[in-house]
Amino acid sequence: MEDTEWMESADRVIANTYKRFPIVFESGQGAVLRDMEGREYTDFVAGIAVCNLGHANPGVAAALTEQAIKLFHVSNLFYTQPQIALAEKLVSLSFADRAFFCNSGAEANEAAIKLARKNFFDKGNFNRWRIVAMEQSFHGRTYATLSATGQKKVREGFEPILEGFDFVPFNDTEALKRQVSENTCAVLLELIQGEGGVLCASQKYIEDVRRFCDETGTILIFDEIQTGIGRTGRLFAYEHYDVTPDIMTLAKALGNGLPIGAMLATEDTARAFTPGSHASTFGGTPVITAAALEVLNQIERDNILESCGKTGAYFKERLIWLKDRYDIIEDVRGIGLMLGMRLKTAGSPIVDLCMKNGFLINCTQENILRFIPPLVITREQIDGLIDCLDHIFGEM
Ligand SMILES: *Cc1c(COP(=O)(O)O)cnc(C)c1O
């Protein structure tokens, strides 16, 4: 079958929830993807910040297959070694004492929301269940997480949404202080808003929020689903701020493309979950946790954090070079390999032109180009994209 026939078939039989680019991918390696026709693309999307160690990563594939010939699944009624080893690793590398495993980002946030509410229920504080979240945030598509998402387009058509979420502008301490009441159990935020347009929280804001949460006994939740697992040049973005949350959620790059989510929490906060409080059939299943453990080991073994920091700094420098050449570019922002470029014009025609030239990039919030390549991207590959963008902007 031709690729066009596959695409026609997809449009007939798959739920119409995605606007897709007209490419059928077949294989990949590192930061390069190959379509059915053998055309190659340099990938600056990485499955939306998922394939941080590159496509078809041999180490992760080996960990996956080694475990797959031993044991796929037994449920969480029993112990399995890979899940325990992964939890040990995550706890040793983070602020957290305990991990709950699930299968996606939204599910990790669901667990965080439930844990936050349960903390106050257990203390007999039955009215303390509201959560303050940020405008322009993104936390997922399930009912609780779309209710926690500060973007109308995600919620519209699905009302009534879940009760108990209040929104304040990001990076505004005073607005947060005004909104938090005696009914607020938690503050939920992304340190860098990804879907929101690569917007970084300021150092002072995060310090102020932490202090305010301590003063008011409010649980602080960092959604690191997009920023975590090395994306910013640190394993977790909170390390840049030197501020720790009470709960952190992970997913995206944790399995390098395999579905896994995790909610990590301090002992004090995690205590509210007891047998029967929460569960997931597939959460922490052996095959996926064995692969995720290899992801974390590989990041250490191959010095991925250091190289991400350096490559990210180089990439940002090159994007700023473009900004200095073209008025159409308003600003360049982000850290590590989570970079954004705000344009004075719509971004999608530029995404299409890049694609025609063999470069995959992403656009969010209409006019923000987002660059979230595999962390193993090379300077040569970055230079290739910069040349391509230079051409495109030059002809506009
Ligand atoms: C992608 C994302 C989610 C949702 O993750 P899913 O795995 O799609 O449910 C939640 N929060 C942030 C910050 C994300 O980037």
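Heads up: these notes are all about the structure in this document. (Residues numbered from 1 in each chain as written. Predicted model: local features only at pLDDT ≥ 70, side-chain atom pairs only at ≥ 80, totals over all residues. Heavy atoms only, no water.)

Here we look at helix H13 (residues 304-325)
Next, step 1: Its 22 residues give H13 an end-to-end C-alpha distance of 31 Å, which sits within 8% of 32 Å, the value for a rise of 1.5 Å per residue.
Next, step 2: Listed in full, the buried residues belonging to H13 are Ile304, Cys308, Thr311, Gly312, Tyr314, Phe315, Arg318, Leu319 and Leu322. Looking straight down H13, one finds its buried side chains confined to an arc of 170°; they lie on one side. Exposed positions of H13 whose direction lies more than 90 degrees from the buried face are Glu317 and Asp324. (Helix = DSSP H or I, 4+ residues; strand = E, 2+ residues; numbered from the N terminus. Expected span 1.5 Å × (residues − 1). Buried < 20%, exposed > 50% of the residue type's maximum accessible area, 1.4 Å probe, protein only. Arc of directions from axis to C-beta.)

Quick word on the pairing of strand E2 (residues 32-35)
The two faces of a sheet get side chains in turn, since along a regular strand they alternate between them.
Next, step 1: Sheet analysis places strand E1 (residues 25-29) next to E2, joined by four bridges and oriented antiparallel. The partner of Ser27 across the bridge, within E2, is Arg34.
Next, step 2: As consecutive antiparallel partners, E1 and E2 are separated by two residues, and within that stretch Gly30 has a phi angle of approximately 60°, a positive value.
Next, step 3: Of the strand pairs in this sheet, E2 and strand E3 (residues 40-43) are connected by three bridges, and their pairing is antiparallel. (Pairing = 2+ DSSP bridges.)

What about the nonpolar core?
Next, step 1: Counting 78 residues, the largest nonpolar core has Leu90, Leu176, Val187, Phe315, Met341, Phe371 and Phe393 as the members making the most contacts within it.
Next, step 2: If sequence neighbours within four positions are ignored, Leu176 has contacts with Val132, Met134, Val168, Val187, Tyr205, Val209 and Phe212. (Core = buried A, V, L, I, M, F, W, Y, C linked by side-chain atoms within 4.5 Å. Contact = heavy atoms within 4.5 Å.)

A short note on the side chain of Thr249
Next, step 1: Note on placement: Thr249 falls in strand E11 (residues 247-250).
Next, step 2: A distance of 2.8 Å separates polar atoms of two side chains, one belonging to Thr249 and the other to Asn109.
Next, step 3: Contacts of Thr249, omitting those with residues within four sequence positions, involve Ala108, Asn109, Ala112, Phe222, Asp223, Glu224, Ile225, Ala262 and Met263. (Polar contact = N/O pair within 3.5 Å; in protein donor to acceptor, adjacent residues only side chain to side chain.)

Things to note about the sheet that holds E3
Next, step 1: Ordered in space as E1-E2-E3-E15, the four strands form an open sheet in which the pairing is mixed. Where the open sheet ends on each side, the last strands, each with one partner, are E1 and strand E15 (359-360).

Some points on the environment of Ala186
Next, step 1: Relative to the helices and strands, Ala186 resides in strand E7 (residues 184-189).
Next, step 2: Residues Ala186 and Ile113 lie 73 residues apart in sequence; the distance between their C-alpha atoms is 8.2 Å.
Next, step 3: If we ignore the near neighbours within four places in the chain, the residues touching Ala186 are Ala116, Arg130, Ile131, Val132, Thr218, Ile219 and Ile221.

Considering the site of the ligand
Next, step 1: Taken together, Ser104, Gly105, Ala106, Asn109, Phe138, His139, Gly140, Glu190, Asp223, Ile225, Gln226 and Lys252 form the complete shell of residues around the ligand.
Next, step 2: In this structure, an oxygen atom belonging to the ligand sits 2.8 Å away from a main-chain N or O atom of Ala106.
Next, step 3: Take Phe138: an N or O atom from its main chain is 3.2 Å from a nitrogen atom of the ligand.
Next, step 4: Against a free-state accessible area of 380 Å², the protein chains account for coverage of 80% of the ligand.
Next, step 5: Among the residues making up the shell around the ligand, the classes are represented as three nonpolar, six polar and three charged. (Near = heavy atom within 4 Å. Areas by Shrake-Rupley, 256 points an atom, 1.4 Å probe, with all protein chains shown as cover. Nonpolar A, V, L, I, M, F, W, Y, C, P; charged D, E, K, R; others polar.)

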